Amino acid sequence: MAAAEARRRDFFASQSRAFLGDGWSWSRAMRRAFFPTFTPIVDFVRQLTNIHIATKACRGPAATAWPRCLDWATACWQSHVAEMLEPLAATLATMTPPSPGQEVKPTDPYEAIRLRSGHLTNNQPRMDYPRYRREGTPTCSGMAETLIKQVKRRVKGTEKFCNPTQA
């Protein structure tokens, strides 16, 4: 549906084409399948969420967590992903991995760091934020997501619920 709408709006004729996504495998697959000529960009605000989760998972004194989070956010904004990956790998190396067959939640510190390290590693080529800023390319999808929420509120309302048994 997204590709059909992009064709209808003639997005493919644009000289500057960007595919802004969250960087997880489903959005990368969608870009490869339907928007192969678009520049893939990982939403910076989504990366801030990943950085915050990874920072919290590293534990340590609260006095060092916030400065580390700011340092990593700055490194990400400057496309210095290795500055985050090295300390994450070092922290992960000091942690005990889950036992085989053990139920692991994404919020477990080891798993949170493992997932975010993989996400940052896989998406490093799609995080060239200085270049995107120079080119005037968007680096976050907040404006589109806000518009979607406004439309949903107007159509659905805040206190309206769908009850399929009353159709």
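These numbers were taken from a predicted model, which means no experiment stands behind them.

A. Structural view of the layout of surface pockets. The computed volume of the second largest pocket comes to approximately 340 Å³. For the second largest pocket, the lining is made up of 15 residues, of which Ala 2, Glu 5, Ala 6, Phe 11 and Phe 35 are closest to its centre. Grouping the amino acids of the lining of the second largest pocket by side-chain chemistry returns 10 nonpolar, 2 polar and 3 charged.

B. Broad picture of the nonpolar core. Core analysis: the biggest nonpolar cluster contains 22 residues, and Trp 72, Cys 76, Met 84, Leu 88, Leu 120, Met 127 and Tyr 129 have the highest contact counts within it. At the level of secondary structure, the elements contributing two or more residues to this core comprise strand S2 (39–42), helix H3 (44–57), helix H4 (62–77), helix H5 (82–94), helix H6 (109–123) and helix H7 (129–135). With residues up to four places along the chain from it excluded, the contact list for Met 127 reads Val 42, Gln 47, Cys 76, Ser 79, Val 81, Leu 120 and Tyr 132.

C. Quick look at H3. Taking 1.5 Å as the rise per residue, H3 with 14 residues should run 20 Å; its terminal C-alpha atoms sit 20 Å apart, in good agreement. Buried within H3 are the following residues: Phe 44, Gln 47, Asn 50, Ile 51, Ala 54, Thr 55 and Ala 57. Down the axis of H3, the buried set is contained in an arc of 160°. They therefore lie on one face. Check the buried side of H3 and you find it contacts S2, H4, H5, H6 and H7. The N-capping residue of H3, defined by a side-chain oxygen 2.9 Å from the backbone nitrogen of Val 45, is Asp 43.

D. Representation of the side chain of Thr 137. By secondary structure assignment, the location of Thr 137 is in the loop between H7 and helix H8 (142–156). Exposure remark for Thr 137: the relative accessible area of 12% places this residue in the buried category. Every residue in contact with Thr 137, bar those within four places of it in the chain, is listed here: Ser 16, Ala 18, Ile 41 and Tyr 132.

Rules and cut-offs
Residues numbered from 1 in each chain as written. Predicted model: local features only at pLDDT ≥ 70, side-chain atom pairs only at ≥ 80, totals over all residues. Heavy atoms only, no water. 1 Å grid on protein atoms, 1.4 Å probe; cavity = no way out; pocket = protein on both sides within 12 Å on 5 of 7 lines; lining within 4 Å. Points joined across faces, edges and corners; volume = space filled by probe spheres on them. Nonpolar A, V, L, I, M, F, W, Y, C, P; charged D, E, K, R; others polar. Core = buried A, V, L, I, M, F, W, Y, C linked by side-chain atoms within 4.5 Å. Buried < 20%, exposed > 50% of the residue type's maximum accessible area, 1.4 Å probe, protein only. Helix = DSSP H or I, 4+ residues; strand = E, 2+ residues; numbered from the N terminus. Contact = heavy atoms within 4.5 Å. Expected span 1.5 Å × (residues − 1). Arc of directions from axis to C-beta. Polar contact = N/O pair within 3.5 Å; in protein donor to acceptor, adjacent residues only side chain to side chain.

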